[in-house]
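So the chains spell out like this:
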Amino acid sequence: MRIVNLKIRNFRNIVELEIDNFEAFNVIYGQNAQGKTNILEALYFLSLGKSFRTSQNKQLIHQSFESAKLEACYFLERSNKLVDIKIHLTKDTKQLFYNGVLVSNLSKYIGLLPVVLFIPEDLYLIKGGPVFRRKFIDLMLGQINPLYLHDIMQYSRLMLQRNAVLRNISLQKNRKQDYTKSLEVLDSFDSQFVKLAVKIWFLRLKKLQVLTLFFQEASNYFSLDKESFCLSLETVLGEYYFYNASEFKDEKKEELEFLMQEKLKKVKDLEMTKGLTLIGPHKDDLNIRINGLRARFFASQGQQRTAALALKFAFLELVYKETGLYPLLLLDDVFSELDYNRRIKLLENMDKAQVFLTTTDVDVLDFKRKNLKKAFYLVCSGKIADLAKKTV
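What this report covers is the structure whose coordinates are included nearby. Bear in mind the structure is a predicted one, so any value in this text is a computation, not a measurement.

Some remarks on the packing of helix α4 (residues 130–144) against helix α5 (residues 146–174)
- As a packed pair, α4 and α5 sit with axes 5 Å apart at the nearest point and diverge in direction by 130°. With respect to each other, α4 and α5 are oriented oblique. Residues I137, D138, L141, G142 and I144 of α4 lie in contact with α5, whose contacting residues are P146, Y148, L149 and I152.
- Along the lines of polarity and charge, the residues of the contact of α4 with α5 split into seven nonpolar, one polar and one charged.

What follows is the structure in structure tokens.
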């Protein structure tokens, strides 16, 4: 998969920009605050229908305009065809198009142009709270399985409804009112809730099993085989390691359902008191261990960077295994955060996906692969400087 054309209009500080004939490795360079990251953000938005920097559309639209447009044309090698995607954006609306046809459901759009993003803030994947790692899991699985996104959204809606019933019960109990009917409603929600929770857990476990293999390969590569890295999924039902590839078969669902039902019974009184759902996939955490220790609490800065890099490259390989497509790889100013050895190892491993990289200093790019086709774009005030493209 390769982007061949990108059009950006009225997006951030970019009024109008079109770039043709991207290479395998594309370096977008220039001084700070010129619009380098905005180009990566446009590609990311075209892939996922959202930004990695803000949740507000109005911040994405150029201050002189009421709307923005993004468009990309990319080539699919496996089917030998060109695909066109577009997004029309206003402060309140967003329209997604695939080959000129409006896509009304975001879950059907995500995955058409898969992407992996690496930014300096990704260190929070390692040292931050569980929410960062849950977002990583959901973003990853959402791009390889559209049904997963649907299930996650359905689960969130169901949990909101369940929480409303629990709050109502809590209120009725405090007022010493009869809450028998509310309990019946809660029971009806619980049967759906358990099945949906187990469905999400099961897919997470199966795909994390595969991700772990890629993660260990990537972490060994970036650490020069000097350290041992492993993953586990911590749930309210227990912590699951990924040593046995045959462990997560369909029979596992029945076991998970039984455990979830038993757990719900035990926390039911507490949930009714607090008016809140206390157990489920929304409490999961992806544990990363280095030499047997939790990376979140014990990893050095260098180990955190190695683990974050390894997770993203494992993500890259998982998408390829599941879809047959290598996603776009977007690297935003990450070389300033890496030491020389990690920069070299990263650049040596850039021959699979199409890469878009931003930097203020092209001198940090010490290419070892001489046969890698590269293009350099100098960005000034939201424009590609005249005659700036250089292919080597």
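Some details on the side chain of Q209
- Along the chain, the position of Q209 falls in helix α6 (residues 180–222).
- The buried category is assigned to Q209, whose relative accessible area is 8%.
- From its side chain, Q209 meets the backbone oxygen of F242 in a polar contact 3.3 Å long.

Examining the pattern of salt bridges
- One pass over the structure, following the stated rule, counts 20 salt bridges.
- In this structure, K312 engages D122 in a salt bridge whose closest nitrogen and oxygen atoms are separated by 2.7 Å. Here K312 is found in helix α9 (residues 301–323), whereas its partner D122 is found in the loop between β8 (115–118) and α3 (124–127), with 190 residues between them in sequence.
- For K312, a relative accessible area of 8% puts it in the buried group.
- A salt bridge links K199 to D151, with the nearest nitrogen and oxygen atoms 3.4 Å apart.

As for the sheet that holds strand β9 (residues 229–235)
- The strand order across the open sheet formed by four strands is β10-β9-β11-β12, and the pairing between neighbours is antiparallel. Only two strands of the sheet have a single neighbouring strand rather than two, namely β10 (238–241) and β12 (293–294).
- Here four bridges tie β9 to β10, and the two strands are oriented antiparallel to one another. Across the sheet, residue S232 finds its bridge partner in β10, namely Y241.
- Taken strand by strand, α6 contacts β9, β10 and β11 (285–290), and its axis lies near 165° from that of β9.

A look at the packing of α4 against α9
- At a minimum axis separation of 9 Å, α4 and α9 run at an interaxial angle of 20°. Judged by the angle between their axes, α4 and α9 are roughly parallel. α9 is crossed by α4, and the crossing has right-handed handedness. Within the contact between the two elements, α4 uses F136, L139, M140, Q143 and I144 and α9 uses L311, K312, F315, L318, V319, E322 and T323.
- In terms of residue class, the contact of α4 with α9 is built from eight nonpolar, two polar and two charged.

Considerations on a nonpolar patch on the surface
- Together, Y124, V131 and F132 make up a nonpolar patch on the protein surface, roughly 260 Å² of accessible area in all.
- One can find Y124 in helix α3.
- Note on Y124: relative accessible area 40%, which makes it partly exposed.

Regarding the environment of K135
- Relative to the helices and strands, K135 resides in helix α4.
- Using a relative accessible area of 58% as the deciding quantity, one classes K135 as exposed.

Regarding α6
- Helix length check: α6 (43 residues) gives 58 Å between terminal C-alpha atoms against 63 Å at 1.5 Å per residue, within 8%.
- Two residues or fewer past α6, L224 is found with a positive phi of approximately 60°.

Comments concerning the packing of aromatic side chains
- Considering all chains together, one arrives at ten aromatic pairs under this definition.
- Among the aromatic residues, ring-to-ring pairing joins F22, F356 and Y377 into one connected group.
- The ring centre of Y124 lies 5.1 Å from the NZ or CZ of K127, which sits over that ring.
- Of note, R162 hangs over the ring of F193, and the distance from its end group to the ring centre comes to 5.1 Å.

Here is what the cut-offs are and how they apply
Residues numbered from 1 in each chain as written. Predicted model: local features only at pLDDT ≥ 70, side-chain atom pairs only at ≥ 80, totals over all residues. Heavy atoms only, no water. Axes fitted to C-alpha atoms, helices over the stretch in contact; angles between N-to-C directions. Helix = DSSP H or I, 4+ residues; strand = E, 2+ residues; numbered from the N terminus. Parallel < 35°, antiparallel > 145°, perpendicular 65-115°, else oblique. Contact = heavy atoms within 4.5 Å. Nonpolar A, V, L, I, M, F, W, Y, C, P; charged D, E, K, R; others polar. Buried < 20%, exposed > 50% of the residue type's maximum accessible area, 1.4 Å probe, protein only. Polar contact = N/O pair within 3.5 Å; in protein donor to acceptor, adjacent residues only side chain to side chain. Salt bridge = Lys/Arg side-chain N within 4 Å of Asp/Glu carboxyl O. Pairing = 2+ DSSP bridges. Left-handed = near helix turned anticlockwise from the far one by under 90°. Patch = residues over 30% accessible without salt bridge, like charges linked within 9 Å, V, L, I, M, F, W, Y side chains within 5 Å. Areas by Shrake-Rupley, 256 points an atom, 1.4 Å probe, with all protein chains shown as cover. Expected span 1.5 Å × (residues − 1). Phe/Tyr/Trp six-rings, centres within 6.5 Å; stacked < 30°, edge-to-face > 60°. Lys NZ or Arg CZ within 6 Å of the ring centre and 35° of its normal.

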